[in-house]
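One-letter residues, chain by chain:
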Amino acid sequence: MAGEIKVSILLAAAIVSIVAVYHVLSARFPDDYGDITAMAAEHYGVDEPLVRAVILVESGYREDAVSGAGAEGLMQLMPATRAEVSAKSGVPDDGSPRSEILMGTYYLRSMLDLTGNVRDALAAYNAGPGRLAAWKRGEGEMYPETRAYIDRVLTARRIYSLL
């Protein structure tokens, strides 16, 4: 009987710990647009945790995010890229979370198709496909910021895969 009580207490403590970790991770790794990210990921054939991770790293899930370079929105597309993606994808550039996530996921899919792997696609998403091509030709080295960006996105992707 005493042994069963100890096991029950240990099991309860383990469950409480797991729930606590889940809540902490959920708070640090939001998914405020879960329905939209799921739809965009499925529509464009991109891993949903990857889409969520790009949003987290690019904008911290802030709709009004603007980078020093001029990238805007949840997935931080540059104005010229935004216009090109809107025209090619047919997604209206109306600034809504839906359009931001659809356009960003479309662009991420195009970088995956262009490069053939996630690491290079993220480098191209961050620094531009032309810069990635130059690095591949041996023209300079990858920016430390881009290396850090790739690592942050891949780490967030792993965590989102667990949530």
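Above this text is the structure in question.
Note that the structure is a prediction, hence the values are computed from the model and not measured.

Draft legend 1. Inspection of the overall build of the protein chain at higher detail. Of regular secondary structure, the protein chain possesses eight helices and zero strands. The secondary structure elements of the protein chain, listed N-terminal to C-terminal, are α-α-α-α-α-α-α-α. Expressed as a percentage of its 163 residues, the buried residues of the protein chain come to 40%. Taking the intrachain contacts of the protein chain between residues at least 6 apart in sequence as the baseline, contacts between residues at least 24 apart amount to 50%. Of the roughly 9000 Å² of accessible surface on the protein chain, a fraction of 58% belongs to carbon and sulfur atoms.

Draft legend 2. Local environment of the environment of Tyr125. Structurally, the position occupied by Tyr125 is in helix α6 (residues 118-127). When the C-alpha positions of Tyr125 and Tyr107 are compared, they lie 7.8 Å apart, and in sequence the two are 18 residues distant. For Tyr125, the residues in contact, after removing those within four places along its chain, are Val54, Glu58, Met75, Leu77, Gly104, Tyr107, Leu108, Met111 and Tyr149. There is a polar contact of 2.6 Å between the side chain of Tyr125 and the backbone oxygen of Met75.

Draft legend 3. Looking closely at helix α8 (residues 144-162). Here α8 spans 28 Å end to end across 19 residues, near enough to the 27 Å set by a 1.5 Å rise per residue. Taken together, the buried positions of α8 are Thr146, Tyr149, Ile150, Val153, Leu154, Ala156, Ile159 and Tyr160.

Draft legend 4. Molecular detail of unusual backbone geometry. A positive phi angle is found at Tyr61, which is not glycine, with a value near 65°. Its location among the elements puts Tyr61 in the loop between α3 (48-59) and α4 (79-89). Residue Tyr61 is classed as buried on the basis of its relative accessible area of 6%. Within the chain, Gln76 stands out as a residue other than glycine whose phi angle is a positive 55°. Relative to the elements of secondary structure, Gln76 occurs in the loop between α3 and α4. Taking relative accessible area as the criterion, Gln76 reaches 9% and is therefore assigned buried.

Draft legend 5. The arrangement of the packing of aromatic side chains in detail. Applying the stated criterion to the full structure yields four aromatic pairs. Geometrically, the ring pair formed by Tyr33 and Tyr61 is stacked, given 6.1 Å between the ring centres and 5° between the ring planes. Residue Tyr33 is located in the loop between α1 (2-28) and α2 (34-44), and its partner Tyr61 is located in the loop between α3 and α4; the two are separated by 28 residues in the primary sequence. Of the two residues, Tyr33 and Tyr61, both sit in the buried class.

Draft legend 6. Geometry of the nonpolar core. By size, the foremost hydrophobic cluster in this structure holds 39 residues, and its most contacted members are Val51, Val54, Ile101, Leu108, Leu122 and Tyr125. For this core, the secondary structure elements donating two or more residues are α2, α3, α5 (97-115), α6, α7 (129-136) and α8. In terms of residue count, α5 provides more of this core than any other element does, seven residues in total. Residues in contact with Leu108, not counting those within four places in the same chain, are Val46, Leu50, Val51, Val54, Leu122 and Tyr125.

What counts and what doesn't
Residues numbered from 1 in each chain as written. Predicted model: local features only at pLDDT ≥ 70, side-chain atom pairs only at ≥ 80, totals over all residues. Heavy atoms only, no water. Helix = DSSP H or I, 4+ residues; strand = E, 2+ residues; numbered from the N terminus. Buried < 20%, exposed > 50% of the residue type's maximum accessible area, 1.4 Å probe, protein only. Contact = heavy atoms within 4.5 Å. Areas by Shrake-Rupley, 256 points an atom, 1.4 Å probe, with all protein chains shown as cover. Polar contact = N/O pair within 3.5 Å; in protein donor to acceptor, adjacent residues only side chain to side chain. Expected span 1.5 Å × (residues − 1). Phe/Tyr/Trp six-rings, centres within 6.5 Å; stacked < 30°, edge-to-face > 60°. Core = buried A, V, L, I, M, F, W, Y, C linked by side-chain atoms within 4.5 Å.

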